[in-house]
Amino acid sequence: MELEIPEINGKLKGRIFEIIREQADATGEDAYIVGGFVRDIFLNRKSKDIDVVTGSGIKLAEKVRKALGREAKLTVFKTFGTAHIDYRDTEIEFVGARKESYSKDSRKPVVETGTIEDDLARRDFTINAMAVKVNSNGFGTLIDMFGGLADLDRILLKTPLDPDVTFTDDPLRMMRAVRFASQLGFFIAAETFEAIERNRQRIEIVSAERITEELNKIMLSPRPSVGFELMEQTGLLTIILPELTALKGIETRDGVGHKDNFAHTLKVVDNLSAETGNLYLRWAALFHDIGKPKSKRFDPKLGWTFHSHEYTGMKMLKNIFTRLKLPLGERLKYAENLVLLHMRPVALSDEEVTDSAVRRLLFEAGDSIDDLMLLCEADITSKNPEKIRKFLNNFRTVRIKLKEIEEKDRLRNFQPPIDGLQIMEIFGLPPGPQVGELKIAIKDAILDGVIPNEYDAAYNYLMQLAAEKNIIKTESRTKNPSI
Ligand code: ATP
Ligand code: MG
């Protein structure tokens, strides 16, 4: 079906489209803009990547690169017959129209040259399977063979072909369905949804990197719960993140139940997502109670308890991050620390809380303290407005205490003023437990407010400790070595 739609022409203005049009006219081949860019015209979303399907692919890309000038960078992938242009903040991908067939146990298709219709049929959803012609002859004409425009209107994700074929050919598309639903607020058509349920096990042939790319997009969507609920309902979640489905359900004993920690977790992630776009803070929220199933006990007096679930949860993260190919360095550490500390601010809301407890949290959270407070506030999922008010008020008090102590003691990213190396030098000690003990004693004295966070006070305190332990100083102290 070919359609003339006035709003398309308005979106295809500008130098890039003019050049693609001129160059395609010059080579005499048909060229189309396809997929996400076309969809986003109708959704009024800004699209930075433009996919162009054309007879020659690489040849047109080379001409367009030349015409765009030196600012445009061209990369050619000969084996795939594709080319890529980076031009200012836009990326343009050129491919020849393709027809693909798949073997059963791989995502790698056998590719043949095809028509634009073949090319659109191998795409994932009808809303992503539209093309717009960019030659002068027919510029702006929409090709919509699968009813993509109607599905955009119905806010519906539907595969262009039989969904069992689309999903067996490339199971990543199941994750893309969930991701688009979460990211764009679309519904998944019933027959498409059922096909995901049927084919879910095939997600196992998709690499962790590709799955995580979609998970990250789900995590960054306005309400990530939409994506995770859909993954749960289709059965994808048990395969990808069984630790999360383990949070599901309510057990009752002696008439006492606990909350459903899966629903609670998703609410926390949504609450937090309303406040921040920080991806790894959102991941930390998703995993904040991940240790609960393992630490769940029933106590006849206390009811259900989840003692140390924050520690158990923190310990589980490395495994999950490794499996999902999420980054293991600083970002894992950041998420681990947030999971470990997420119960601590609650304890600080007590009127009687000591400065020492506040200092310890500041020390342990470091630069993550503000993110930790956001997580704790998002963790309030009570339905009782009176309770919500009370908890929020408690956290306001904690924030005030944190600020007071922080300003007074400069404890964020605090390093004790005398480190292990200096202790070894002062006493001529070899590395070992004795040095560690002295170091910890200085840190504790500062955090407990016994001495101020200053070199001289720490030095005098160290001398006092050494005298008690009969450790003898080997070097005379000249001056503060850190100055
Ligand atoms: P976004 O760029 O916002 O993530 P998009 O729809 O543009 O969304 P891309 O990954 O950029 O997604 O892909 C561009 C187009 O290529 C899609 O619109 C779709 O037509 C097609 N496509 C991408 N991945 C697949 C896939 N796994 N199976 C079928 N078609 C796909
Ligand atoms: Mg895209």
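Here the structure is a predicted model, which means the values were calculated and not measured.

A few words on the sheet that holds strand 3 (residues 49–54). Ordered in space as 1-10-9-2-3-6-5-4, the 8 strands form an open sheet in which the pairing is mixed. Bordering the open sheet on either side are strand 1 (2–4) and strand 4 (73–77), each of which pairs with just one other strand. Strand-to-strand twist of the sheet, defined as the mean angle between neighbouring strand axes without regard to direction, takes the value 25 degrees. Pairing analysis gives 4 bridges linking strand 2 (residues 31–34) to strand 3, with the strands arranged antiparallel. Bridge pairing links Ile33 to Val52 in strand 3. Those strands touched by helix 4 (residues 58–68) are strand 2, strand 3, strand 4, strand 5 (82–87) and strand 6 (90–96), and its axis lies near 15 degrees from that of strand 5.

In this section: the nonpolar core. The biggest cluster of nonpolar side chains holds 109 residues, and the ones touching the most others in it are Leu12, Met175, Leu215, Phe228, Met231 and Trp283. Considering every element that reaches this core, the biggest residue donor is helix 8 (residues 172–184), with 8 residues. What Leu12 contacts, discounting residues up to four positions off in sequence, is Phe17, Ile33, Phe37, Ile41, Val132, Val134, Phe139 and Gly140. In terms of nonpolar packing, the next biggest core, distinct from the first, is built from 23 residues, Val435, Ala458, Tyr461 and Ile471 among them.

What follows deals with the site of ligand 1. Ligand 1 sits among 15 residues. The nearest are Gly36, Arg39, Asn128, Arg173 and Arg179. In the model, an oxygen atom of ligand 1 is placed 2.8 Å from a nitrogen or oxygen of the Asn128 main chain. Contact distances for ligand 1 include 2.9 Å between a nitrogen atom and a side-chain N or O atom of Asp170. Summarising the interface, the protein chains cover 80% of the accessible area of ligand 1, which totals 580 Å² for the free molecule. Elements with a contribution of two residues or more to the shell around ligand 1: helix 3 (36–43), strand 3 and helix 8. Among the elements that take part in the shell around ligand 1, helix 8 stands out by supplying 4 residues, more than any other.

A few words now on the pairing of strand 2. Successive side chains on a regular strand alternate, one facing one side of the sheet and the next facing the other. Residue alternation in strand 2 divides its side chains into two sets, Ala31 and Ile33 and Tyr32 and Val34, and both sets are buried. Pairing of strand 2 with strand 9 (residues 131–133) involves 3 bridges; the strand directions are antiparallel. Residue pairing for strand 9: Ile33 is matched across the bridge by Val132.

Moving on, we come to the domain arrangement of the protein chain. Entries for the protein chain in the domain assignment read domain 1 (2–150), domain 2 (155–240) and domain 3 (420–468). Centre-to-centre separation of domain 2 and domain 3, based on C-alpha positions: 56 Å.

Further remarks concern the environment of Ile451. Topologically, Ile451 is positioned in the loop between helix 24 (433–447) and helix 25 (455–468). Here the alpha-carbon distance between Ile451 and Tyr461, two residues 10 residues apart in the chain, equals 7.8 Å. With near-sequence residues (within four places) excluded, Ile451 lies in contact with Ile442, Ala445, Ile446, Ala457, Ala458 and Tyr461.

A separate point is the side chain of Asp289. Among the secondary structure elements, Asp289 is positioned in the loop between helix 15 (279–286) and helix 16 (292–295). At 3.4 Å, the side chain of Asp289 forms a polar contact with the side chain of His264. The contact partners of Asp289, leaving out residues within four places of it in the chain, are Leu247, Asn261, His264, Thr265, His309 and His342.

Here we come to the side chain of Thr141. Relative to the elements of secondary structure, Thr141 occurs in strand 10 (residues 141–143). In terms of polar contacts, Thr141 uses its side chain to reach the backbone carbonyl oxygen of Gly138, at 2.6 Å. In contact with Thr141, other than residues within four places in its own chain, are Glu2, Leu3, Glu4, Ala131, Val132 and Lys133.

Quick look at the packing of aromatic side chains now. The final tally for this structure, using the stated rule, is 6 aromatic pairs. Ring centres 5.6 Å apart and planes at 45 degrees place the aromatic pair Phe17 and Phe37 in the tilted group. In this pair, Phe17 sits in helix 2 (residues 15–27) while Phe37 sits in helix 3, placing the two residues 20 residues apart along the sequence. Note on Phe17: relative accessible area 8%, which makes it buried. A residue is classified by how much of its surface remains accessible, and Phe37, at 9% relative accessible area, is buried. Put simply, the rings of Trp283, Phe287 and Phe321 pair up and form one aromatic cluster. The cationic tip of Arg179 hangs over the ring face of Phe180; the distance from NZ or CZ to the ring centre is 4.2 Å. Seen from the ring of Trp304, Lys296 lies directly overhead, with NZ or CZ sitting 4.9 Å from the centre.

Side chains that carry opposite charge are capable of pairing whenever their charged atoms lie near each other. For the structure on display, the rule yields 24 salt bridges. Among the ionic pairs, Arg88 bridges to Glu71, the shortest N-O distance being 2.9 Å. Placement of the pair is Arg88 in the loop between strand 5 and strand 6 and Glu71 in the loop between helix 4 and strand 4, with a sequence separation of 17 residues. Arg88 gets classed as exposed once you look at its relative accessible area, which sits at 58%. Owing to a relative accessible area of 46%, Glu71 belongs among the partly exposed residues under this scheme. For Lys333, the salt bridge is made with Glu330, and the minimal N-O distance between the two is 3.3 Å. Residue Lys333 and its partner Glu330 are both found in helix 18 (residues 330–341); the two are separated by 3 residues, about one turn of the helix.

By secondary structure assignment, the location of Glu29 is in the loop between helix 2 and strand 2. Take Glu29: its relative accessible area is 11%, and that puts it in the buried class. Sequence separation between Glu29 and Leu60 is 31 residues, and the spatial gap between their C-alpha atoms is 8.9 Å. Filtering out sequence-adjacent residues up to four positions away, Glu29 remains in contact with Ala24, Thr54, Gly55, Ser56, Leu60 and Asn135. Within the structure, the side chain of Glu29 is placed 3.2 Å from the backbone nitrogen of Gly55, a separation counted as a polar contact.

Most of strand 6 sits out of view: 5 of its 7 residues are buried. Note: strand 3 against strand 6, 6 bridges, orientation parallel. Residue pairing in the sheet places Asp51 in a bridge with Glu93 of strand 6. Sheet analysis places strand 5 next to strand 6, joined by 6 bridges and oriented antiparallel. Residue pairing for strand 6: Ala83 is matched across the bridge by Phe94. Where strand 5 folds back onto strand 6 in an antiparallel hairpin, the turn is made up of 2 residues, including Arg88, whose phi is positive at roughly 50 degrees.

Cut-off values and rules
Every chain is numbered on its own, with residues counted from 1 as its sequence reads. Each chain takes a letter, starting from A, and each ligand takes a number, starting from 1, following the order in which they are written. For a predicted model such as this one, the threshold for reporting local features is a pLDDT of at least 70, and the threshold for listing and counting side-chain atom pairs is 80 or more; totals across whole chains, interfaces and linings nevertheless cover every residue. With hydrogens and water set aside, each side-chain value is computed from the structure's full complement of heavy atoms. At least two bridges found by DSSP between two strands is the condition for calling them paired. In DSSP terms, a helix is any run of H or I states spanning at least four residues, a strand is any run of E spanning at least two, and both are numbered starting from the N terminus. A fitted line through C-alpha atoms serves as each axis, taken over the contacting stretch for helices, and the angle formed by two N-to-C directions is quoted from 0 to 180°. Whether two residues are in contact is decided by their heavy atoms: any pair within 4.5 Å suffices. Joining through side-chain atoms within 4.5 Å is the link that ties buried Ala, Val, Leu, Ile, Met, Phe, Trp, Tyr and Cys residues into a set, and such a set is a nonpolar core. For every residue, the accessible area obtained with a 1.4 Å probe (protein chains only) is divided by the maximum for its type, and the residue is called buried under 20%, exposed over 50%, and partly exposed between those limits. One heavy atom suffices: a residue is near a molecule or strand as soon as one of its heavy atoms comes within 4 Å of it. Polar contacts here mean pairs of N or O atoms no more than 3.5 Å apart (in protein, one a potential hydrogen donor and the other a potential acceptor; neighbouring residues in sequence count only if both atoms are side-chain atoms). The Shrake-Rupley method, run with a 1.4 Å probe sphere, supplies the accessible areas, and residue values consider only the shown protein chains as cover. Start and end positions for the domains come from either an automated domain assignment or a database one. Note on aromatic pairs: the rings of Phe, Tyr and Trp (six-membered ring only in Trp) are paired at centre separations within 6.5 Å, and the planes decide the class, stacked below 30 degrees, edge-to-face beyond 60, tilted for the rest. Only Lys NZ and Arg CZ are tested; either one counts as a charge over a ring when it is within 6 Å of the ring centre and within 35 degrees of the ring normal. Salt bridge criterion: a side-chain nitrogen from Lys or Arg within 4 Å of a carboxyl oxygen from Asp or Glu.

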